[in-house]
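What follows is the residue order along each chain.
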Amino acid sequence: MSAMTITTPASKAPTEPPVRRRIPKLSINLRQYGIVAALAVIVILFQILTDGRLLLPGNVNNLIQQNAYVLILAIGMVIVIIAGHIDLSVGSVVAMVGAVAAISMNNWGLPWWGAVIVSLLVGALVGAWQGYWVAFVGIPAFIVTLAGMLIFRGLTLVLLTGGTISGLPAEFTAIGAGWLPSYLGELGGRDVLTLALGVLTAVALIVFQLRTRATLSRLDLPREPIASMWTKNGIAAIAIIWFAWLLSDYSGTPIILIVLAALILIYNFVLNRTVFGRHVYAMGGNLFAAVMSGVKTKWVNFYIFVNMGVLAGLAGVVSTARAGGAVASAGQNYELDAIAAVFIGGAAVQGGVGTVVGAVVGGLVMGVLNMGLSILSVDAAWQMTIKGLVLLLAVAFDIFNKRRAGGR
């Protein structure tokens with residue numbers, strides 16, 4: 001009788017539960033949150049000091065129309081500063097382009113839209129001129145644009161012969177001082193179109209943020225804490241709707257606000273989602289590494305200044321339209337306002353850091369300061385002093401943060 005062999009199943013090794021990779025969360029950008037908080041504090045402070053006059057619908061409308069040139073220039077200037085340059089000529093370019101726009105309509109007989117196209121082309125030519133010297137000759141941007149500040153201011157005086165040109169078409173002046181027609185009528189004395197645009201903008205913001213977060217989650221990339229995201233976007237949505245509510249009680253949506261919104265969306269996309277934007281950040285962060293990586297730095301620099309020229313041309317159109325005419329003294333200190341807005345908005349002095357949204361928030365800080373101090377009848381000399389101190393503190397705060405981070 002053969003022995004029966006009994007086999008027993010091999011003992012299974014204890015299985016460990018699968019290790020789930022923890023997705024790192026994005027740290028909160030205190031610099032950007034800080035400037036938004038600072039804007040809120042400044043608004044609340046002046047609202048109290050002015051007995052509620054700061055946020056009257058008319059003043060909110062004027063805040064947009066009067067500071068549109070700063071915001072447009074700041075959008076272009078932030079790209080220049082991220083790349084490690086500076087542009088001191090934009091104020092003079094604004095004045096010269098405004099003179100060209102007025103002359104093209106009054107003397108050459110161009111329609112208003114033709115004058116706008118000519119103005120943008122002149123701005124592009126100015127940018128190409130300065131970009132050539134910076135990119136291909138190698139002269140520092142500070143020197144090139146300082147020369148440009150003198151050249152284009154002088155050409156403005158030549159074009160206007162020291163005088164002014166007024167009597168511009170109503171369609172042209174509406175660019176800087178007009179509003180969208182009330183296509184949807186009014187409800188309780190408020191413009192329905194403005195309210196609808198505010199609600200749609202707030203909803204679009206939240207949907208975009210949710211889609212971005214879903215994409216990051218699908219790719220297992222770092223993302224902002226959910227509580228922080230909802231808090232930030234909830235506050236932003238409420239602010240947008242409240243802003244639309246105020247504007248709807250005046251004359252509706254300023255035309256220039258639509259232009260600004262389009263510029264913010266376009267340039268935010270360009271800086272964050274295109275090869276050109278990545279090259280700009282790379283050059284500002286480490287120029288040598290960018291060159292070694294194959295970035296065509298000369299052409300990037302050239303296009304940066306062409307873009308700045310186009311936006312300065314647009315600011316010239318807006319400024320001239322708002323004033324109702326071309327003035328030889330237009331554009332004075334515009335470059336300083338734009339540079340201050342960019343640095344207040346979080347750009348680094350050394351380059352490589354900055355955002356379009358931050359530059360716009362910085363421009364709004366400057367605008368609220370100007371309006372609040374004007375309502376309080378503060379002397380112009382003290383207004384300049386206060387704005388200078390704000391700029392100094394913003395840059396000092398940026399340097400302090402970098403030193404603290406480097407010491408960790």
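Rules of the game
Residues numbered from 1 in each chain as written. Predicted model: local features only at pLDDT ≥ 70, side-chain atom pairs only at ≥ 80, totals over all residues. Heavy atoms only, no water. Helix = DSSP H or I, 4+ residues; strand = E, 2+ residues; numbered from the N terminus. Buried < 20%, exposed > 50% of the residue type's maximum accessible area, 1.4 Å probe, protein only. Contact = heavy atoms within 4.5 Å. Areas by Shrake-Rupley, 256 points an atom, 1.4 Å probe, with all protein chains shown as cover. Lys, Arg positive; Asp, Glu negative; His and termini not counted. Charge placed at Lys NZ, Arg CZ, Asp CG, Glu CD. Core = buried A, V, L, I, M, F, W, Y, C linked by side-chain atoms within 4.5 Å. Axes fitted to C-alpha atoms, helices over the stretch in contact; angles between N-to-C directions. Left-handed = near helix turned anticlockwise from the far one by under 90°. Salt bridge = Lys/Arg side-chain N within 4 Å of Asp/Glu carboxyl O. Polar contact = N/O pair within 3.5 Å; in protein donor to acceptor, adjacent residues only side chain to side chain. Phe/Tyr/Trp six-rings, centres within 6.5 Å; stacked < 30°, edge-to-face > 60°. Lys NZ or Arg CZ within 6 Å of the ring centre and 35° of its normal. Parallel < 35°, antiparallel > 145°, perpendicular 65-115°, else oblique. Nonpolar A, V, L, I, M, F, W, Y, C, P; charged D, E, K, R; others polar.

**Student:** I would appreciate a short explanation of the overall build of the protein chain in the present structure.
**Tutor:** When you go through the protein chain residue by residue, the secondary structure sums to 16 helices and four strands. Seen through its principal axes, the protein chain has C-alpha atoms that stretch 125 × 60 × 40 Å. Here the protein chain holds 408 residues, and the buried ones make up 44% of them. Within the protein chain, contacts between residues separated by at least 24 positions form 80% of all contacts whose residues are at least 6 apart in sequence. Surface accessibility of the protein chain: about 21,400 Å² in total, with carbon and sulfur atoms responsible for 69%. Computed over 24 positive and 13 negative side-chain charges, the inter-centroid distance for the protein chain is 15 Å.

**Student:** Any chance you could explain unusual backbone geometry here in plain terms?
**Tutor:** In most cases, non-glycine residues show a negative phi, while peptide bonds are predominantly trans. One non-glycine residue, Asp51, lies in the positive phi region at around 55 degrees. The residue Asp51 is located in the loop between α1 (30-49) and α2 (57-66) in this model. Judged by its relative accessible area of 69%, Asp51 falls in the exposed class. In this structure, Ser377 takes a positive phi of about 60 degrees despite not being glycine. Secondary-structure assignment places Ser377 in the loop between α15 (356-375) and α16 (380-406). In this structure Ser377 comes out as exposed when scored by relative accessible area, which is 63%.

**Student:** Sorry, what's going on with the side chain of Asn301 here?
**Tutor:** Structurally, Asn301 can be placed in helix α13 (residues 297-323). Overall, the relative accessible area of 10% leaves Asn301 in the buried class. Ignoring anything within four residues of it in the chain, the contact list for Asn301 reads His85, Ala135 and Met283.

**Student:** Please clarify how the nonpolar core should be interpreted in this entry.
**Tutor:** For soluble globular proteins, the rule of thumb is that nonpolar side chains tend to be buried together. Core analysis: the biggest nonpolar cluster contains 75 residues, and Ile72, Leu73, Met77, Phe172, Ile304 and Val342 have the highest contact counts within it. Of the residues forming this core, the biggest block, 14 residues, is contributed by helix α3 (residues 68-82). When sequence neighbours within four positions are dropped, the list of residues in contact with Val342 reads Ala74, Met77, Val78, Ile81, Ala347 and Ala359. Ranked by size, the runner-up nonpolar core spans 22 residues in total, among them Met366, Val368, Met371 and Ala394.

**Student:** Any chance you could explain the packing of helix α5 (residues 112-137) against helix α6 (residues 141-160) here in plain terms?
**Tutor:** Geometrically, a packed helix pair is captured by the angle between its two axes and the distance between the axes. Viewed as axis vectors pointing N to C, α5 and α6 meet at an angle of 145 degrees, and their least axial separation amounts to 9 Å. Seen along the crossing, α5 lies across α6 with a hand that is right-handed. Contacts between α5 and α6 pair Val126, Trp129, Gln130, Trp133 and Val134 from the former with Ala141, Val144, Thr145, Gly148 and Phe152 from the latter.

**Student:** Just to check I follow, could you spell out helix α14 (residues 334-344) for this structure?
**Tutor:** Because an α-helix completes one turn every 3.6 residues, residues spaced three or four positions apart along the sequence face the same direction. Extensive coverage of α14 is indicated by the burial of 10 of its 11 residues. Listed in full, the buried residues belonging to α14 are Tyr334, Glu335, Asp337, Ala338, Ile339, Ala340, Ala341, Val342, Phe343 and Ile344.

**Student:** Any chance you could explain the side chain of Glu335 here in plain terms?
**Tutor:** In this fold, Glu335 is placed in helix α14. Among buried charged residues, Glu335 stands out as having no salt bridge; its nearest opposite-charge side chain is Arg153, 5.8 Å away. Only 3.2 Å separates the side chain of Glu335 from the backbone nitrogen of Gly91, close enough to count as a polar contact. Excluding residues that lie within four positions of it along the chain, Glu335 makes contacts with Asp87, Leu88, Val90, Gly91, Ser92 and Met149.

**Student:** Hey, could you run me through the packing of aromatic side chains in this one?
**Tutor:** The geometry of an aromatic ring pair is captured by the separation of the ring centres together with the interplanar angle, meaning the angle of the planes. Using the criterion set out here, one finds 10 aromatic pairs in the structure. Consider the rings of Tyr132 and Trp133, whose centres lie 5.5 Å apart with planes at 75 degrees: the pair is edge-to-face. Under the relative-accessibility criterion, Tyr132 is labelled partly exposed at 42%. Residue classification places Trp133 among the partly exposed positions, given a relative accessible area of 29%. For the cation-ring pair, Arg190 lies above Trp245, with the distance from its terminal atom to the ring centre recorded as 3.7 Å.

**Student:** Help me understand the environment of Trp129 in this model?
**Tutor:** Note on placement: Trp129 falls in helix α5. Relative accessible area serves as the criterion here: at 45%, Trp129 is assigned to the partly exposed category. Spatially, the C-alpha atom of Trp129 lies 38 Å from that of Gly34, the residues being 95 residues apart in sequence.

**Student:** How do you make sense of the packing of α3 against α13 when you look at a structure like this?
**Tutor:** Two numbers describe how α3 lies on α13: the axes approach to 9 Å, and their chain directions differ by 175 degrees. For the element pair α3 / α13, the angle class is roughly antiparallel. Where α3 approaches α13, its residues Ala68, Tyr69, Ile72, Leu73, Ile75, Gly76, Met77, Ile79 and Val80 are matched on the opposing element by Ile304, Phe305, Asn307, Met308, Leu311, Ala312, Leu314, Ala315 and Val318. In the contact of α3 with α13, the residues fall into 16 nonpolar, two polar and no charged.

**Student:** Got a minute to help me understand the environment of Leu271 in this structure?
**Tutor:** Tracing the sequence through the fold places Leu271 in helix α10 (residues 255-273). Distance in space between the C-alpha atoms of Leu271 and Ile79 is 8.1 Å, their sequence separation being 192 residues. Setting aside residues up to four positions removed in sequence, Leu271 forms contacts with Ile79, Ile82, Gly277, Arg278, Tyr281 and Val356.

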